[in-house]
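An overview of the molecular structure
So you can see what is in the structure, the chains are spelled out below.
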Amino acid sequence: MKLLVTGGAGFIGSAVVRLAIARGHQVVNLDALTYAACLDNVAEAAQSPDYAFEQCDIRDRAALDTVFERHAPDAVMHLAAESHVDRSIDGPGDFIETNITGTFNMLEAARKYWMQAGKPEAFRFHHISTDEVYGSLPADPSVQFTEETSYDPRSPYSASKAASDHLVRAWAETYGLPVVLTNCSNNYGPYHFPEKLIPVVILNALAGKALPIYGDGSNVRDWLYVEDHADALLLVVQQGALGRSYNIGGENERSNLELVNTLCGILDQKRPRADGKSYKDQITFVTDRPGHDARYAIDPSRIREELGWRPSVTVEEGLEKTVQWYLDNEPWWRALQDRDGVGQRLGTGK
């Protein structure tokens, strides 16, 4: 299968590219190479004759048409998006342009290509989204997001992703474009850009800096190892039912404070502090960000029952792998820390 992967130099997209190439697929990696992208993420995959790269912005419709004509993909996996909630609070415009207008352009380019190709039955437009479109859950562990949960986005980021989800469904209903959708929980793992919680904690700990936790640390997330997510995405694009949505979760709910304490414990073992104290001493509680959702949790019953998928990595296993990866790959994260805004407090709403 020839896959057109948008955002393939980003965190989740690069995991999809690496796994797809390893499994014998052809991959066209389309990426604008904005601040959060890094071609080092796909360096190994790029050595394959089945890999091609197109530097292209999804806001450029003419360029997208050219890419479709040049490569004639069997399926699209649309991951390209602005994704950092804190940045969306400070600068929502980029999120509207990329996540909404960019998705519109992708849909139109895909529809044109699909129609000109004679509407091949095997073609799929796979839109990858987030559980944040559903809003916030109460603490009750029996309450989870399902594919039928009403949308209730609370940040510019989640609102822009919700809008993109609606566009994809509208193009399926109005034009018959063959689509599948997925909404995932919080991802983590190798190549995670160093402005998100887990890499921030790891790298701040190593640097002897404060480990910032918003509010009282009680916000709960379901954590999904990125390589498990890539596996699920490739399954859905090949076997997912036409027009169907699938929620992909890690079945690993943890509060932010629990997560950071676990990371500190792993670092205490793998890279002990020179003074013999625990990295937990560096934890600092900071002012919460505006509109911080209390809890996300995914009910993964549909993808488990219909496609037989379950995550293979527990959060404890995944965090240990992730910490070790950052310890082993300092040149990668050092280079990214110099990029605009990385390491600064964002999303204060001021």
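See the structure shown above.
Along each chain, residue indices are assigned from 1 in the same order as the chain's sequence is written. Residue-level local features of this predicted model are given only where pLDDT is at least 70; pairs of side-chain atoms are given and counted only at 80 or more, and the full residue set underlies all totals for whole chains, interfaces and linings. The side-chain quantities take in all heavy atoms of the structure and omit both hydrogens and water.

**A look at the overall build of the protein chain**
Counting from the N terminus, the helices are DSSP H or I runs at least four residues long and the strands are E runs at least two residues long. Counting secondary structure elements, the protein chain contains 11 helices and 12 strands. Here the radius of gyration uses the C-alpha set of atoms, whereas the globule reference equals 2.2 Å times the residue count to the power 0.38. What you see for the protein chain is a C-alpha radius of gyration of 20 Å, in line with the 20 Å of a compact globule of 350 residues. Along the first, second and third principal axes, the C-alpha atoms of the protein chain reach 65 × 45 × 40 Å. Residues classed as buried in the protein chain amount to 54% of the 350 residues present. For the exposure calls, accessible area comes from a 1.4 Å probe over protein chains only, and a residue counts as buried if that area is under 20% of its type's maximum, exposed if over 50%, partly exposed in between.

**Some thoughts on the side chain of asparagine 41**
With respect to the helices and strands, the residue asparagine 41 is situated in the loop between strand E2 (26-31) and strand E3 (51-55). Residue classification places asparagine 41 among the buried positions, given a relative accessible area of 3%. For this analysis, a polar contact is any N or O atom pair within 3.5 Å, provided that within protein one partner can donate a hydrogen and the other can accept it, and provided that sequence-adjacent residues contribute only side-chain to side-chain pairs. Within polar-contact distance, the side chain of asparagine 41 engages the side chain of tryptophan 332 at 2.9 Å. The contact definition used throughout considers only heavy atoms, calling two residues in contact when any of these lie within 4.5 Å. The residues touching asparagine 41, leaving out its near neighbours within four places in the chain, are Ala9, Gly10, Ser14, Arg18, Tyr191 and Trp332.

**Looking at the sheet that holds strand E7 (residues 186-188)**
Pairing is mixed across the open sheet formed by 3 strands, whose spatial order is E7-E9-E11. Looking at strand neighbours, the two that pair on one side only are E7 and strand E11 (253-255), the edges of this open sheet. Averaged over all pairs of adjacent strands, the angle between strand axes in this sheet comes to 50°, irrespective of strand direction. At least two DSSP bridges between two strands are needed for those strands to be called paired. The pairing of strand E9 (residues 220-225) with E11 spans 3 bridges and is classified as antiparallel. Across the sheet, valine 220 pairs through a bridge with serine 255, a residue of E11. Interaxial angle, 0 to 180 degrees, is taken between N-to-C directions of lines fitted to C-alpha atoms, where a helix line uses only the stretch in contact. Each of E7 and E9 touches helix H7 (residues 226-239); the most contacted strand, E9, lies at about 70° to it.

**Brief notes about empty space enclosed by the protein**
A cavity here means a set of points on a 1 Å grid, drawn over the protein atoms and nothing else, where a 1.4 Å probe fits but cannot get out; a pocket is an open set with protein on both sides within 12 Å along at least five of seven lines, and a residue lines either one if it has an atom within 4 Å of a point. Grid points are joined across faces, edges and corners, and a volume is the space filled by probe spheres set on the points. A complete count under the given rule lists 1 cavity of 30 Å³ or more for this structure. Estimates place the volume of the largest cavity at around 50 Å³. Residues are grouped as follows: Ala, Val, Leu, Ile, Met, Phe, Trp, Tyr, Cys and Pro are nonpolar; Asp, Glu, Lys and Arg are charged; every other residue, Gly included, is polar. Tallied by class, the residues present in the lining of the largest cavity amount to 2 nonpolar, 3 polar and 4 charged.

**Focus on helix H5 (residues 156-175)**
Here H5 contains 20 residues, and its C-alpha end-to-end distance of 28 Å stays within 8% of the 28 Å for a straight helix at 1.5 Å per residue. On the buried face of H5, the contacting elements are helix H3 (85-90), helix H4 (92-116), strand E5 (124-130) and strand E6 (179-184). One or two residues past the end of H5 sits glycine 176, with phi positive at roughly 80°. Take the residue count of a helix, subtract one, and multiply by 1.5 Å to get its expected span.

**Focus on the environment of valine 286**
Inspection of the secondary structure assignment puts valine 286 in strand E12 (residues 283-286). A residue is classified by how much of its surface remains accessible, and valine 286, at 23% relative accessible area, is partly exposed. Taking the C-alpha atoms as reference, valine 286 lies 44 Å from alanine 172; in sequence the two are 114 residues apart.

**Some thoughts on the pattern of salt bridges**
When a carboxyl oxygen of Asp or Glu is within 4 Å of a side-chain nitrogen of Lys or Arg, the pair counts as a salt bridge. Under the defined criterion, the tally for this structure stands at 19 salt bridges. With its nearest N and O atoms 4.0 Å apart, the salt bridge here joins arginine 302 to glutamate 147. One end of the pair, arginine 302, is in helix H9 (residues 301-307); the other, glutamate 147, is in the loop between E5 and H5, with 155 residues separating them in the sequence. Grouping residues by exposure puts arginine 302 and glutamate 147 together as buried. A salt bridge links arginine 334 to glutamate 330, with the nearest nitrogen and oxygen atoms 2.8 Å apart.

**Things to note about the sheet that holds E6**
Judged by pairing direction, the sheet is parallel, and its 7 strands sit side by side in the order E3-E2-E1-E4-E5-E6-E10 without closing on themselves. On the outer flanks of this sheet lie E3 and strand E10 (245-248), each paired with one strand and no other. Going across the sheet, the axis of each strand differs from the next one's by a mean of 20°, ignoring polarity. Direction of pairing for strand E1 (residues 2-6) relative to strand E4 (residues 75-78): parallel, over a ladder of 4 bridges. Across the sheet, the residue bridging to leucine 3 is alanine 75, located in E4. Contacts between H4 and the sheet are confined to E1, E4 and E5, with E5 contributing the most and set at about 165° to the helix.

**What about the packing of helix H10 (residues 315-328) against helix H11 (residues 330-337)?**
Close contact between H10 and H11 brings their axes to 5 Å; oriented N to C, the two are set at 80°. Classified by the angle their axes make, H10 and H11 are roughly perpendicular. Where H10 abuts H11, its residues Trp325, Tyr326 and Asp328 lie against Glu330, Trp332 and Trp333. Its residues assigned to classes, the contact of H10 with H11 comprises 4 nonpolar, no polar and 2 charged. The cut-offs work like this: below 35 degrees is roughly parallel, past 145 is roughly antiparallel, 65 to 115 is roughly perpendicular, and the gaps in between are oblique.

**Looking at the side chain of arginine 295**
On the secondary structure map, arginine 295 appears in the loop between E12 and H9. The exposure class of arginine 295 is buried, given its relative accessible area of 3%.

**Things to note about the pairing of E5**
Residues in a regular strand point their side chains to alternate faces of the sheet. Of all the 7 residues making up E5, 7 are buried; the element is thus mostly covered by neighbouring parts of the structure. As paired elements, E4 and E5 share 4 bridges and run parallel to each other. The residue bridging alanine 75 from the neighbouring strand is arginine 124, located in E5. Relative to E6, E5 is paired through 6 bridges, and the arrangement is parallel. By the bridge assignment, phenylalanine 125 is partnered in E6 with valine 179. We call a crossover right-handed when, viewed with both strands directed away from the observer, the connection leading from the first strand over the helix to the second proceeds clockwise. In this fold, E5 hands off to H5, which returns the chain to E6; that crossover is right-handed.

Taken by themselves, the reported measurements are silent on function.
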